[in-house]
Amino acid sequence: MTITDPIGDMLTRIRNAGMGRKAEATMPASKMLVEIARILKEEGYIADYAVEPASPRPILRIRLKFTPDKRPVIREIKRVSKPGLRIYVGKAEIPRVKGGLGIAILTTSQGVMTDAEARRRGIGGEVICTVF
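Computed from a prediction, not measured in an experiment: that's the story for all the values here. (Residues numbered from 1 in each chain as written. Predicted model: local features only at pLDDT ≥ 70, side-chain atom pairs only at ≥ 80, totals over all residues. Heavy atoms only, no water.)

## With respect to the nonpolar core
(1) Moving on: Grouped together as the largest cluster of nonpolar side chains are 27 residues, with contacts concentrated most on Met10, Leu40, Leu60, Ile62, Ile105 and Val131.
(2) Moving on: At the level of secondary structure, the elements contributing two or more residues to this core comprise helix H1 (6-19), strand S1 (24-28), helix H2 (31-42), strand S3 (59-64), strand S6 (103-108) and strand S8 (125-131).
(3) Moving on: Broken down by element, the residue count for this core peaks at 6 residues, all from H2.
(4) Moving on: Apart from the residues within four sequence positions on either side, leucine 40 is in contact with Ile14, Tyr45, Ile46, Ile105 and Val131.
(5) Moving on: Residues Val89, Val97, Ala118 and Phe132 belong to the second largest nonpolar core, which totals 10 residues. (Core = buried A, V, L, I, M, F, W, Y, C linked by side-chain atoms within 4.5 Å. Buried < 20%, exposed > 50% of the residue type's maximum accessible area, 1.4 Å probe, protein only. Helix = DSSP H or I, 4+ residues; strand = E, 2+ residues; numbered from the N terminus. Contact = heavy atoms within 4.5 Å.)

The structure is reproduced here in structure tokens:
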């Protein structure tokens, strides 16, 4: 089966696994998905991630993080830029998610990074998703 939007698929799998209180979510791996998982781990939204070799493609396994009362740490995860409508922002228009409580993940000329990092470096890019 061909997936036309692997990033949207990843976010949906994470959202569904969290709502179902599953310990982990698995998906086909790519460089972009691994970078998004890296940012989610650095920002404390997921417990861990691993790329496992498999045929025909490697598998990205994401361990989700839950609060002590068993609620998922990721309350909201949304795809912003879609294959049919790309959303690009300059350094002055980078969105703040929930007044700075959440993060926006951007692809820039210097790689995949959070909104805070892009603001610090003074560069804009494509807004991939927002996480709160």
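Following the structure, the description resumes.
## Thoughts on the environment of arginine 119
(1) Moving on: Among the structural elements, arginine 119 can be located in helix H3 (residues 115-121).
(2) Moving on: Of the residues examined, arginine 119 reaches a relative accessible area of 25% and is grouped as partly exposed.
(3) Moving on: Along the sequence, arginine 119 and arginine 71 sit 48 residues apart, while their C-alpha atoms lie 31 Å from each other.
(4) Moving on: Residues in contact with arginine 119, not counting those within four places in the same chain, are Ile94, Pro95 and Arg96.
(5) Moving on: Looking at arginine 119, its side chain comes within polar contact range of the main-chain oxygen of isoleucine 94, at 3.4 Å. (Polar contact = N/O pair within 3.5 Å; in protein donor to acceptor, adjacent residues only side chain to side chain.)

## Some points on the pairing of strand S2 (residues 46-52)
Consecutive side chains of a regular strand alternate in pointing toward one face of the sheet and then the other.
(1) Moving on: Examined bridge by bridge, S2 and S3 share 6 bridges and lie antiparallel to one another. In the sheet register, aspartate 48 faces S3, and the bridge partner there is arginine 63.
(2) Moving on: Between the end of S2 and the start of S3, which pair antiparallel, lie 6 residues. (Pairing = 2+ DSSP bridges.)

## So, the packing of H1 against H2
(1) Moving on: The N-to-C vectors of H1 and H2 enclose an angle of 40°; their axes lie 10 Å apart at closest approach. Taken together, H1 and H2 sit at an angle that is classed as oblique. When the axes of H1 and H2 are compared, the crossing they make is right-handed. In contact with Pro6, Ile7, Met10 and Ile14 of H1, H2 contributes Met32, Leu33, Ile36, Ala37 and Leu40.
(2) Moving on: Residue composition of the contact of H1 with H2, grouped by class: 9 nonpolar, no polar and no charged. (Axes fitted to C-alpha atoms, helices over the stretch in contact; angles between N-to-C directions. Parallel < 35°, antiparallel > 145°, perpendicular 65-115°, else oblique. Left-handed = near helix turned anticlockwise from the far one by under 90°. Nonpolar A, V, L, I, M, F, W, Y, C, P; charged D, E, K, R; others polar.)

## Quick word on the packing of aromatic side chains
(1) Moving on: Applying the stated criterion across every chain, the model contains 0 aromatic pairs.
(2) Moving on: Directly above the ring of phenylalanine 132 sits lysine 98, whose terminal nitrogen or CZ lies 5.5 Å from the centroid. (Phe/Tyr/Trp six-rings, centres within 6.5 Å; stacked < 30°, edge-to-face > 60°. Lys NZ or Arg CZ within 6 Å of the ring centre and 35° of its normal.)

## A few points about H2
(1) Moving on: Its 12 residues place the ends of H2 17 Å apart at the C-alpha level, agreeing with the 16 Å of an ideal helix rising 1.5 Å per residue.
(2) Moving on: Within the span of H2, buried status applies to Leu33, Val34, Ile36, Ala37, Ile39 and Leu40.
(3) Moving on: Following H2 by one or two positions, glycine 44 adopts a phi angle in the positive range, close to 85°. (Expected span 1.5 Å × (residues − 1).)

## Comments concerning the sheet that holds S2
(1) Moving on: What the 3 strands build is an open sheet, ordered S1-S3-S2; its pairing is antiparallel. Every interior strand has two partners, whereas the edge strands, S1 and S2, have only one. Strand-to-strand twist of the sheet, defined as the mean angle between neighbouring strand axes without regard to direction, takes the value 15°.
(2) Moving on: Sheet contacts for H1: S1 and S3; angle to S1, the most-contacted strand, approximately 160°.
(3) Moving on: Of the strands in this sheet, S1, S2 and S3 touch H2, which is tilted by about 155° from S2.

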